[in-house]
Each structure stands twice: as structure tokens, then as C-alpha cells.
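The chain contents come next:
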Amino acid sequence: MKIPSSIATMLAGIALTLVSLWYGQNHGLLPVAASNEALLVDGLFNTMMTISIGLFLLVEGVLIIAILRFRRAKDDTTDGPDIDGNIPLEIVWTGIPAVIVLVIGVYSFDVYSQMGGFDPNAAGDPAVTQVAMTGEGDYAAPLMDGSNSHGGHHHMALGIGASPEKAGQMADLTVDVMGLQYAWIFTYPETGIISGELHVPQGKDVRLKLKAQDVIHAFWLPEFRLKQDAIPGRDSELRFTPTRAGDYPVICAELCGAYHGSMVTRMYVDTPEEFEAWKQQQIASRPDINEVIASLDRPRTDVDYLTPYADDMGLEPEMLRSLHESHAGAEVLTQSL
Amino acid sequence: MTQVDIPASVPAQPAHHAEAERKWTDFFTFNSDHKVIGIQYLVTSFVFYLIGGALATAIRTELATPPSDFVSPDFYNGMLTLHGTIMIFLWVVPAGAGLANYLIPLMIGAKDMAFPKINALAFWMIVAGGALLLSSFWLETPQSGWTSYPPLSLVSGKVGEGIWIFSLLILGTSSILGALNFVVTIIKMRVPSMGIYQMPLFCWSMLAAGLLILTGTPVLAGALILLAFDLLAGTAFFNPTGGGDPVVYQHMFWFYSHPAVYIMILPLFGAISEILPVHSRKPIFGYRAIAYSSMIISFLGLIVWAHHMFTSGTPAWLRMFFMIATMIIAVPTGIKVFGWLATIWGGKIQLNSAMLFALGFIATFVIGGITGVMIASVPFDIHVHDTYFIVAHIHYVLFGGSVFGIYAALYHWFPKMTGRMMNETWGRIHFGLTFVGMNLTFMPMHELGLLGMNRRVAMYDPRFADLNVLCTIGSYILAVSTVPFIVNALWSWFKGKPAGDNPWNALTLEWQTTSPPAIENFEGIPVLTTGPYDYGKNNEDLEASSTDTPVLSS
């Protein structure tokens, strides 16, 4: 029995829609979602995957069917039908993509807004400030005191700010994050804790104030779907609520030099009790920040830089040593992961 | 059925005449014939493709294992910087310029380009710029990626960075000179009977690309000159240690470098629009829509640059504007893709090598296009920016799009350029290896990026090792895939089956002269009798009435 082409097209359309809907929800391509923000982004991604798979199957399907059905016979030298346009069809395939991108645009706008992208504090374009001058070809001097380092301009930051329901409220925890070749250094201004690993309490509103000391770095939390460049001379921030206890990678995503790939650390999402215990333990063993800064006031190598922080950051001596060894990337990686 | 009447009083020059006047040494001189320059561009850029490809294979070899154990991390960064720079500025852009040089005067019935000597100068600047860039292998490799963001580019070695900047200034100048030539030639030198809507679509796409080059490239040159001042004279335009702003560099850089994607792919959009109708024996579907979409893409391409900076120093309102502008590009691009599908639908498809690469172009480019809409979405881009998802996206656009398009064009126009056919069997083997290699190399990168692998790293988390092994195997297949093409092209150039003037029985003007064309292309001024894609139309009737006034259709 030959199925009429209109029915065959309809059946193909239904099958394509069902496959797209199923795959859009079951692709399993993303890592675990560990924050409220990540769930919002995942919902958006799933929607885009659904539409994308439908479009992909449509285009590839038409290509394959055309190749199978419309091959030229070996001795056929005649032309095909002279169809060179169809205005209603062209309007349809201009209109449908236009509507699709409009829908995705509005959805993206909504997600971005819910994540805190429109936090008024973050919306301004902050003035550029000069970072400390150093010798030629060397790195800028460290500016570890995050509270007063950038000349007192009042705009907050670029990045992701407070979500609309938390607008105007202080975050539960603020951490200053300094990116430098090839480490992240976290300072807790309320307690003076300095660490190479980030600890945050589960379920609390966390705000990270990002700065870079030497070159541009990008602070990326894959499980939180959050990323923001840390740019020398500019402030930026990320604000989020971790929902899932565990430890997650913190990755530098912007090329920052030869050992860019080794600029990796961990973020620990602790229960409030664990976080409190960690805080007390850090306060008990805190180094004097002034000594650390004073010791850095001269031209330095990567190793000189990192040595004072090695203990705090959990860096192994091998990692520091490997910064001078051209083939030591494996050790760097192994030690830092 | 032909597209033209060439005055019968002057016999067309036979092919051997052209051959007799052309010496192989012409290709190594400052020759101003657009056909020589076109082939010079194509061969030179292919040599650079092989160099860029060798670097890519070395990069993938390094990434076959998680630690940095094949080359030093410094050299790795040098390789990835040179890979990106060579592939963009010395392969895809010049290859498009080569096709345009060869084809535009032939397609519009002109004897040469508008400015033949500037044309030759533009080509030899490619050689000079390329040689300068390659000298960095012996002096010092640039370290900061093809984007060369300050402050990293200001602290990672003056010699390498200086070479990179001056090489790009030379290549950019060449590009501007070439574009000027294309635009003027297309607008001013068409045969009198060819209105703008009788132009082949390749000319439309080169017009769009040329305008984009003329608008964007000077801004890149500005950024590079300021960067050179920061690097060599100690100024602080972009250097934060002197109060400069590195984000300004990013704006200037991407104002050119996002349009560069369209500069690379628009010529190939045009080539695909030429190839599909010929080998499907059907008119292109929606000529005007495809022509206009090139111009719209050219315009929109200029106002989307900051989507490369969603995680950088861009305020929220700017992110939203650039998100919407970027997404809208999907509409004209979709018009092209659907137009191509409708062109082959119901046609009489001949699956030769040119057609296979053209269909492969659509099949893979559409994946890059779809992921392009995804990453235009700010919240999602924040997750995948600077990851292997982006590496996958850009390679689906620029390998699936540009490289497949260039191969399709080479197979299609090889008989015109050399007078000989390429071997089909080797062409199909070439296509099969390229298609499999390309998808195996770049498809797993989507997942790598989503999971958390950042780009431009020599060392990575061991949990990504398996997918990276797949990518590396794919890259080796891609490397091997060039061998059948090189052997086929060289062998066919000298020993291939004679092609005749119009082996595909195509309608556009370049096929109405000898293969290879005589030095001034046509004897006399051709007069159009049909549109460029009037396959299946009853052209005998049209030709009969075309003695004085051309009968044209679009």
C-alpha cells in the first residue's frame, strides 16, 4: 500500500518532534547542576537542544532523502524541473526561524535576569583603574587587600549579581578572589582567611569579587554554569547560591600563559557546620597578611610568588618546582587535580 | 543552451593557444593576469593549510594524553597561536580570495580585475606576511593565541608578538587591497548586458565579503598598531599597568575578527550556490533571497562582535543587544540553507566529488550554525565560553563550512583552471576520509566543553582522556585525507582526462570560454542570453529572440 505523501510528511513530522522532545530532556550532556543558577541554565539548554535536534534531523533528513531519491540516471542528460522560487514557502522558512530565535531570545533574557545578570550594581561600566606599576615584562605587584585596592570607585562590578528577589540585600558571604599566574587566591574579608581553595556554605547567598593581578583570567565553575573574566584594572563579580554539597573544580578559562591548563583548584560546598569548623581551623592557623605582602614587594618569578601561599593553597612542592621545568605539565596537573 | 552569444566573427581562442602563451614560470612572477594570481593564491594558501594542519596534528598529539608530555607548554602555546593564525589569515581567507580572483572576471565577462597590479601586489604580500609569520618558529613563537589579548600578549615575549603583529598588518593590508579590487570589479566591470540580478551568486557573496573586509580590517589594523606601541614603545593603550584598558582591545579586535568568520565563509556560500544548481540540473531556489541574505549577513556581521565578550567586560544591556543581534543572523543563514535544500530537492543529482563536498558542506555547516544560535544565548554562553564546545563550534563552521566549501570549489572549477578532469574515485576517497575525520575530530569536543574542559590547554583533567583520544584519532584521519587530494590534483593537472570547455554543461559565463581560458578570457564582449541558473527552462526559444536585446531572467 502506498502512503499518500501528505500523510507520510505528517508522520515524519510527528516522529521528528517526539525524538526531539525526548532527546532534549534526556541528552545527559551536562555535568551535575549544583546551584539554582545551574538549573535555570539547564532548562534553557534543554529547550535549545530540543529545537536544535529537530532542525538537525530536518536538514540532514532532507539531504539524505534527496540524495537517495533524486539521483541522475546514468544516461540522463536532461535538466530537472525549472522551479526557482516559491514566495509563500520562502516566507514560511524566514518566519519560523525568526520566531524561534525570538522565543530563545526572550527565554534567555528571562534566565539571565533570574540569575542576577541585571543586578543594578553590576550594570554600570566601571571606570578603569590603574594596577600597580612594575618592571618591564614583569607582573603587576599583588593587590591582596581587596577592600581598598582599586581607588574607591563606587560602581560595583561586571558579571552576575544578585537575583531579583535578593536585590538590595547583602550577600551571606563575600569572598575576594584574586587570579594570578597560575593560581586562584581566596580572601575572606570578614575573617582574614586566605586560602587556595574556596569553601562556601551550602544554601547561602555567596558573592565572589573577582580581580586579576597580572593577565586576564576567567573564573569558571562548570557545575554552577558560571563564568566571569577577572581583568586587571577592572572589578567583576559572581553571585550564586550553592545547593549541593560536594567539591567541584574551579578552572581558569582564559588563556593566561604556558601553564594555563594547570590553573585549577577546588570549590568545597560545605554544610553550615562544616563551613564553620573549616573557618575556625583557618583562623587558628592564619598567616600574617602584612608579612606576606611585604615579602612580595620586589620582582619575582612564578615560584617566588607561589611559595608563600603553598601551604594555604595545598600546593605540593613538586608543583612549584615544575613551573621551571618545561616538561613538567604532567606533574602540575596531577598535583593540582 | 548557453548563457552567452560570443560574436561569431571572432573565433574563440583554442585552449592550446592559451597554454602556449602561459609558462609555468609565470606563477612565480609578479604576473598581473587574474587567473595566474587566482591559482597563485590557491596553491600558496593550500601549502599554508598543510603547515597549519601539521600544527593541528601536533596539538592533537599533545592532547592525546592528559599531561603536557609531547612538547613544552610554551611551544604548545606557540603552536596553537600559529595554527589559528595560519588557518584564518593564510588559508581560508586567501583561498576565498584566490577563487574570487580566478572567477569574478570570468563570471562577469571582464578581461581582468579592475586593478591588476594591485591584485598582484596583494598576492605577494600574502607570501611576505606568511614567511614573516613562519620565521617565528626560528626566532620566538607568539604565545598568546590568535586573539593576542593584552596584557598576556604584552608580557609573553616581544619578538614573537612583534612578528605576529607585523605579519598580520601585512596580511590585513593584502586583504584590503584584494577586497577593493573585488568590489570595484563587480560593480564596474560587468558586461553591459549583465544587470545586478543577472550576476552569479558567487559575485554577490564576494561583494558582501569585500564590503565587510573594507569596513572591518582597518579597525583590526588600528588595534594591532596600538598593541605594537604598547609592546615596543611602552605606551599604555591596553596595558593596565599604565592605566590602559585591555577590554578596549577586545572590542577593536572582535570588530574585525567576528566579521572575519563571514569574510571566510561568504565566498564559500557563493561557491555552493554555484555548484548545487549545476550538479542538480535545477535553478537555484530563491535567487534574490540568497543574494539579499549575503548582504544582510554582511551588515549583521558588523554588529555582533561583543558576543565574544559575554564573560568579559561587557555590561548587561550590551550583552542583551549583542545576543539578539547574533541570533538574528540565523535567519538569513537559514534562508540560504533552505534555499540550497530546495535547489537539490526534485533535481537530477550527480554525486561527483564537487557535489559530495557541497552536500558535506551543508551537512556539517548546519551543526555549526545551530550551536551558533545556542552560544548566542548569554546564559548558556557563560557556561561554554572558552571551552571545547566553542572549539567544536568554530571548526564545524570553518572546517565543515569553509574547508568543505573550498574543496567543493576546487573539484568543480579544476577542469576550467587546468583543462583537465580530476579523478573521481580518488575524489570520493578524499571526501570519505575528510568527512569521517572531521566529525570524529570535532563532534566529541562539544561534550568535552559542556563537561568542563577549557580550551587552549596543554594539560587537562584525566577524566577527559577518552574523548580526547577519539578527537586525536579523527585528526590523524584528517591529516591522511589530504594525501589522495594532493596526489589527485597533481596527477590530474598534468595527466588528467581533457575536460573540454564545459564538462558540467553549466550556464555561467566562465564555462562559455576555453579551458583554461585565454589570457583575456573572451574574444569580444559576451552578450547574455539566459540567466546563470536557467536549467530546465526552454532556452532555445529564448536564444532565438536574443539577437539584439538580451533575454534575461533571474
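Conventions we followed
Residues numbered from 1 in each chain as written. Chains lettered and ligands numbered in written order. Predicted model: local features only at pLDDT ≥ 70, side-chain atom pairs only at ≥ 80, totals over all residues. Heavy atoms only, no water. Helix = DSSP H or I, 4+ residues; strand = E, 2+ residues; numbered from the N terminus. Buried < 20%, exposed > 50% of the residue type's maximum accessible area, 1.4 Å probe, protein only. Contact = heavy atoms within 4.5 Å. Areas by Shrake-Rupley, 256 points an atom, 1.4 Å probe, with all protein chains shown as cover. Pairing = 2+ DSSP bridges. Axes fitted to C-alpha atoms, helices over the stretch in contact; angles between N-to-C directions. Disulfide = S-S within 2.5 Å. Phe/Tyr/Trp six-rings, centres within 6.5 Å; stacked < 30°, edge-to-face > 60°. Core = buried A, V, L, I, M, F, W, Y, C linked by side-chain atoms within 4.5 Å. pLDDT = per-residue confidence, 0-100. Buried area = accessible area lost by both parts, 1.4 Å probe. Salt bridge = Lys/Arg side-chain N within 4 Å of Asp/Glu carboxyl O. Nonpolar A, V, L, I, M, F, W, Y, C, P; charged D, E, K, R; others polar. Polar contact = N/O pair within 3.5 Å; in protein donor to acceptor, adjacent residues only side chain to side chain. Parallel < 35°, antiparallel > 145°, perpendicular 65-115°, else oblique. Left-handed = near helix turned anticlockwise from the far one by under 90°.

> Explain the overall build of chain A to me, please; I cannot follow it from the model alone.
Scanning chain A from N- to C-terminus turns up 10 helices and 11 strands. Looking at chain A as a whole, 50% of its 337 residues are labelled buried. Contacts in chain A between residues far apart in sequence, at least 24 positions, make up 70% of those at least 6 positions apart. For chain A, the accessible surface area stands at approximately 15,100 Å², while carbon and sulfur atoms represent 58% of it.

> Would you explain the sheet that holds strand β7 (residues 217-221) of chain A in this entry?
Within a sheet, each strand pairs with its neighbour through backbone hydrogen bonds, oriented either parallel or antiparallel. Residues and elements named next belong to chain A. Spatially, β5-β11-β10-β7-β8 is the arrangement adopted by the five strands of the open sheet, whose pairing is mixed. Taken across any chain shown, the strands that pair with only one partner, and hence form the sheet edges, are β5 (198-201) and β8 (226-230). Ignoring which end each strand starts from, the neighbouring axes of this sheet average 25 degrees apart. Relative to strand β11 (residues 264-270), strand β10 (residues 246-252) runs antiparallel, the two being bridged by six bridges. Note that in β11 the partner of proline 249 across the bridge is arginine 266.

> What is the right way to read the sheet that holds strand β6 (residues 206-212) of chain A from this model?
All names here are of chain A. Sheet architecture is open: six strands sit in the order β1-β9-β6-β2-β3-β4, paired in mixed fashion. A strand with exactly one partner marks an edge of an open sheet, and here the two such strands are β1 (158-160) and β4 (193-195). Between one strand axis and the next, the sheet turns through 20 degrees on average, direction left out of account. Here seven bridges tie strand β2 (residues 173-180) to β6, and the two strands are oriented parallel to one another. Looking at β6, one finds that valine 175 is bridged to leucine 208.

> Got a minute to help me understand the environment of serine 402 of chain B in this structure?
Residues and elements named next belong to chain B. Locating serine 402 in the fold gives a position in helix α14 (residues 388-418). The spacing of serine 402 and isoleucine 265 is 137 residues in sequence and 5.5 Å in space, taken between C-alpha atoms. Once you skip the residues sitting within four places of it in the chain, serine 402 turns out to touch Val92, Met264, Ile265, Leu268, Phe361 and Val397.

> Help me understand the pairing of β11 of chain A, please; the structure alone is not making it clear to me.
Here is the key point about a regular strand: its side chains alternate between the two faces of the sheet. Residues and elements named next belong to chain A. A large share of β11 lies buried, amounting to five of its seven residues. In terms of strand pairing, β5 meets β11 through four bridges, oriented parallel. Considered in β11, the bridge of histidine 199 is made with tyrosine 268.

> I tried to follow the state of the cysteines on my own but got confused; where do I start?
Note: disulfide means a covalent bond formed between the sulfur atoms of two cysteine side chains. All names here are of chain A. This model, assessed by the stated rule, comprises zero disulfides over all chains. Cysteine cysteine 256 is unpaired, with the sulfur of cysteine 252 as its nearest cysteine sulfur at 3.9 Å. Given the relative accessible area of 0%, cysteine 256 is considered buried.

> How should I be thinking about the pairing of β10 of chain A in this particular structure?
Residues and elements named next belong to chain A. With five of seven residues buried, β10 lies mostly within the body of the structure. In this structure, β7 lies alongside β10, joined through two bridges in antiparallel fashion. Note that in β10 the partner of tryptophan 220 across the bridge is isoleucine 251.

> Help me out: how do you make sense of the packing of aromatic side chains in this one?
When we look at a pair of aromatic rings, we describe it by the centre distance and by the angle of the planes. Going through the model one piece at a time under the given rule, you end up with 57 aromatic pairs over all chains. A ring pair is formed by phenylalanine 109 of chain A and phenylalanine 118 of chain A, whose centres lie 5.0 Å apart and whose planes are at 45 degrees; its orientation type is tilted. For phenylalanine 109 of chain A, a relative accessible area of 42% corresponds to the partly exposed category. Relative accessible area serves as the criterion here: at 29%, phenylalanine 118 of chain A is assigned to the partly exposed category. Here the aromatic rings of tryptophan 204 of chain B and tyrosine 292 of chain B are separated by 6.4 Å at their centres, their planes lie at 85 degrees, and the arrangement is edge-to-face. Here tyrosine 292 of chain B lies in helix α9 (residues 287-301) and tryptophan 204 of chain B lies in helix α7 (residues 201-233), a separation of 88 residues in the sequence. With a relative accessible area of 6%, tryptophan 204 of chain B lands in the buried category. By relative accessible area, tyrosine 292 of chain B is classed as partly exposed at 36%. Members of the aromatic cluster, connected to one another through ring pairs, are Phe46, Tyr49, Trp91, Phe357, Phe399, Phe404, Tyr407, Tyr411, Phe431, Phe435, Phe442 and Phe485 of chain B.

> Where do I start with the nonpolar core in this structure?
Proteins that are soluble and globular tend to have nonpolar side chains buried together. Leu208 and Phe219 of chain A together with Trp340 of chain B are the most contacted members of the largest nonpolar core, which totals 254 residues. With residues near it in sequence (within four places) discarded, tryptophan 340 of chain B still touches Phe269, Ile272, Ser273, Leu276, Ile284, Ile290, Phe361 and Ile362 of chain B.

> Before we go on, may I ask you to explain unusual backbone geometry in this structure?
The phi angle of most residues is negative, glycine excepted, and most peptide bonds adopt the trans form. Residues and elements named next belong to chain B. Residue proline 151 is bonded to the preceding proline 150 through a cis peptide linkage, with omega at 5 degrees. As for its position among the elements, proline 151 is in the loop between α4 (116-135) and α5 (152-155). Proline 516 follows serine 515 through a cis peptide bond whose omega is -10 degrees. Among the structural elements, proline 516 can be located in the loop between α16 (465-495) and β2 (527-528). In the Ramachandran plot, serine 148 falls in the positive-phi region, its phi being about 55 degrees despite a non-glycine side chain.

> What is the right way to look at the confidence of the model for chain A in this model?
Predicted coordinates in regions of low pLDDT should not be interpreted in detail. All names here are of chain A. Of the residues in chain A, 73% reach a pLDDT of 70 or more, and the chain-wide mean stands at 80. Here helix α10 (residues 329-336) is the element of chain A with the lowest mean pLDDT, 39, and β7 is the one with the highest, 96. Predicted confidence is poor over residues 133-154, with pLDDT under 50, and the contacts of this stretch with residues over four places away or in other chains come to 50 contacts.

> Sorry if this is basic, but what is going on with the side chain of histidine 393 of chain B here?
Residues and elements named next belong to chain B. Locating histidine 393 in the fold gives a position in helix α14. A relative accessible area of 13% places histidine 393 in the buried class. Here histidine 393 is in contact with Gly368, Thr371, Gly372, Ile375 and His446, once residues within four sequence places are set aside.

> How do you make sense of the interface of chain A and chain B when you look at a structure like this?
Interfaces are often described in size by the accessible area the parts lose on coming together. Taken together, the contact between chain A and chain B spans 98 residues of the former and 101 residues of the latter. Between chain A and chain B, the buried area comes to about 8,200 Å², and carbon and sulfur atoms account for 68% of it. Looking only at chain A, the three residues that lose the most surface to chain B are Arg72, Trp93 and Leu255 of chain A, adding up to 9% of its buried area. Counting across the interface, chain A meets chain B through five salt bridges. Contributing elements (two or more residues each) for the side of chain A that touches chain B: α2 (36-69), α3 (87-115), β1, β8, β10 and α10 of chain A. It is α2 of chain A that provides the largest number of residues to the side of chain A that touches chain B, a total of 17 residues. Considered class by class, the residues forming the side of chain A that touches chain B number 58 nonpolar, 23 polar and 17 charged.

> It is not clear to me how the pattern of salt bridges should be interpreted in this structure. Could you clarify?
Where charged atoms of side chains with opposite charge meet at close range, the side chains can pair. A full pass over the atoms with the stated rule returns 14 salt bridges over all chains. Measuring nitrogen to oxygen at the nearest pair gives 2.7 Å for the salt bridge that ties arginine 225 of chain A to aspartate 42 of chain A. On the criterion of sequence distance, the pair formed by arginine 225 of chain A in the loop between β7 and β8 and aspartate 42 of chain A in helix α2 is long-range, its members being 183 residues apart. Exposure class is identical for arginine 225 of chain A and aspartate 42 of chain A. Each is buried. Put simply, Asp82 and Asp84 of chain A together with Lys537 of chain B are held in one network by salt bridges that share partners.

> Would you explain the environment of serine 273 of chain B in this entry?
Residue and element names in this part refer to chain B. Checked against the element boundaries, serine 273 lands in helix α8 (residues 246-280). Spatially, the C-alpha atom of serine 273 lies 9.9 Å from that of valine 337, the residues being 64 residues apart in sequence. Once residues lying within four places of it in the same chain are set aside, the contact partners of serine 273 are Leu201, Ile284, Ile290, Trp340 and Tyr533. Reaching out from serine 273, the side chain makes a polar contact with the backbone oxygen of phenylalanine 269 at a distance of 3.0 Å.

> Even after reading the chapter, I still don't get the packing of α2 of chain A against helix α11 (residues 330-344) of chain B, so can you show me in this structure?
Two quantities define a packed helix pair, namely the angle between the helix axes and the distance between the axes. At a minimum axis distance of 9 Å, the contact between α2 of chain A and α11 of chain B shows a crossing angle of 25 degrees. Our classification of the angle between α2 of chain A and α11 of chain B gives roughly parallel. As for the relative orientation of α2 of chain A and α11 of chain B, their crossing is left-handed in sense. The segment α2 of chain A lies against α11 of chain B, with Leu55, Leu58, Val59, Val62, Leu63 and Ala66 of chain A engaging Val337, Phe338, Leu341 and Ile344 of chain B. Within the contact of α2 of chain A with α11 of chain B, the residues separate by chemical class into 10 nonpolar, no polar and no charged.

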